[in-house]
Amino acid sequence: MAGLNFPGNADYKPVSEEGTNVASFEFIPWVLAQFDTVAQVKSALTDVRIVDTAFSADFPPSPLHWIISDRNESVVVESVAEGLKVHDNPLQVLTNNPTFDIQLFNINNYMSLSIDPPEPHFSKEIPFDVYSRGLGAVGLPGDLSSMSRFVKAAFTKVNSVSGRSESEAISQFFHILGSVEQQRGCVRLGDKYEITIYSSCCNTDKGIYYYRHYENSQITGVDMHKEDLDGTELASYPLVTEQQILMKN
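Each value, and the rule that gives it
- Residues numbered from 1 in each chain as written.
- Predicted model: local features only at pLDDT ≥ 70, side-chain atom pairs only at ≥ 80, totals over all residues.
- Heavy atoms only, no water.
- Helix = DSSP H or I, 4+ residues; strand = E, 2+ residues; numbered from the N terminus.
- Contact = heavy atoms within 4.5 Å.
- Polar contact = N/O pair within 3.5 Å; in protein donor to acceptor, adjacent residues only side chain to side chain.
- Buried < 20%, exposed > 50% of the residue type's maximum accessible area, 1.4 Å probe, protein only.
- Salt bridge = Lys/Arg side-chain N within 4 Å of Asp/Glu carboxyl O.
- Disulfide = S-S within 2.5 Å.

Novice: Where do I start with the environment of Ser160 in this structure?
Specialist: Along the polypeptide, Ser160 turns up in the loop between α4 (146–159) and α5 (166–178). With 57 residues separating them in the primary sequence, Ser160 and Ser217 have C-alpha atoms 21 Å apart. Beyond its immediate stretch of four places on either side in the chain, Ser160 contacts Gln172 and Ile176. A polar contact is formed between the side chain of Ser160 and the backbone oxygen of Lys157, at a distance of 3.2 Å.

Pasting the structure below:
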């Protein structure tokens with residue numbers, strides 16, 4: 001489960017005596033602590049309200065929408081002005097704005113994309129030349145807007161081919177996310193630049209969390225089953241943020 005930025009569309013409700021009130025900052029632990037499958041979550045969300053309770057005066061509610069996935073299915077949960085929307089997510093991908101229904105409909109504009117070199121349909125009168133390797137997926141958006149990143153992440157994810165080993169799967173996952181990561185200097189927000197601070201994934205069979213930081217290309221892992229999962233102390237690890245380079249001489 002993950003929450004992604006959803007400004008302008010996220011609409012949290014006031015606390016009500018009807019149904020189940022869940023603060024936006026509590027939503028992820030509320031789901032993960034109680035349910036094993038997406039089907040269970042979908043059933044439980046029928047009377048849930050995401051409410052506008054703040055964590056504190058210094059931390060107002062963040063505008064988010066959420067992706068929840070298991071082995072078999074995925075959904076996107078959005079608390080919008082009309083109420084709580086739960087969208088089936090066949091692509092198992094989510095970025096930021098706009099709403100998921102618009103993101104999914106926009107995929108229709110890319111139905112002609114193919115992993116194979118393109119066939120000429122522009123005109124029978126013009127000779128076309130497949131002048132380069134890599135013309136498969138020609139027309140795939142490459143800008144860093146959330147809608148374009150949604151299309152590119154979805155296309156890369158559904159067509160990627162991974163090996164059978166865990167090492168190959170981990171490598172493939174970070175290559176998929178790497179196809180839509182943001183590099184410092186390409187998107188300016190006032191006096192700052194938007195970047196992909198980190199990318200992460202989890203092997204839910206083994207309970208191993210993997211991440212890669214913007215300043216460190218090496219993949220770092222934490223085996224959660226090597227911690228006392230029934231303990232009362234919080235286990236934490238500083239992010240490895242300096243580049244790890246394997247020197248061969």
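Novice: Just to check I follow, could you spell out the environment of Leu104 for this structure?
Specialist: The topology assignment puts Leu104 in helix α3 (residues 100–106). Taking relative accessible area as the criterion, Leu104 reaches 29% and is therefore assigned partly exposed. Along the sequence, Leu104 and Pro90 sit 14 residues apart, while their C-alpha atoms lie 9.3 Å from each other. With residues up to four places along the chain from it excluded, the contact list for Leu104 reads Asp88, Pro90 and Leu91.

Novice: Sorry, what's going on with the pattern of salt bridges here?
Specialist: In a structure, side chains of opposite charge can pair up when their charged atoms sit close to one another. Taken as a whole and judged by the stated rule, the model has 7 salt bridges. Among the ionic pairs, Asp11 bridges to Lys13, the shortest N-O distance being 2.5 Å. Given a relative accessible area of 29%, Asp11 falls into the partly exposed group. Here Glu73 and Lys42 are joined by a salt bridge, their closest N and O atoms 3.7 Å apart. With Glu73 in the loop between β4 (64–69) and β5 (74–80) and Lys42 in helix α2 (residues 38–44), this pair connects stretches of sequence that are 31 residues apart. Within the structure, one salt-bridge network assembled from shared partners comprises Lys42, Glu73 and Asp88.

Novice: Whenever I open this one, the state of the cysteines confuses me. Can you help?
Specialist: Two cysteines whose sulfur atoms are joined by a covalent bond form what is called a disulfide. The full count for this structure, using the stated rule, is 0 disulfides. For the unlinked cysteine Cys202, the closest cysteine sulfur is that of Cys201, found at 7.5 Å. Judged by relative accessible area, Cys202 falls into the partly exposed class, the value being 37%.

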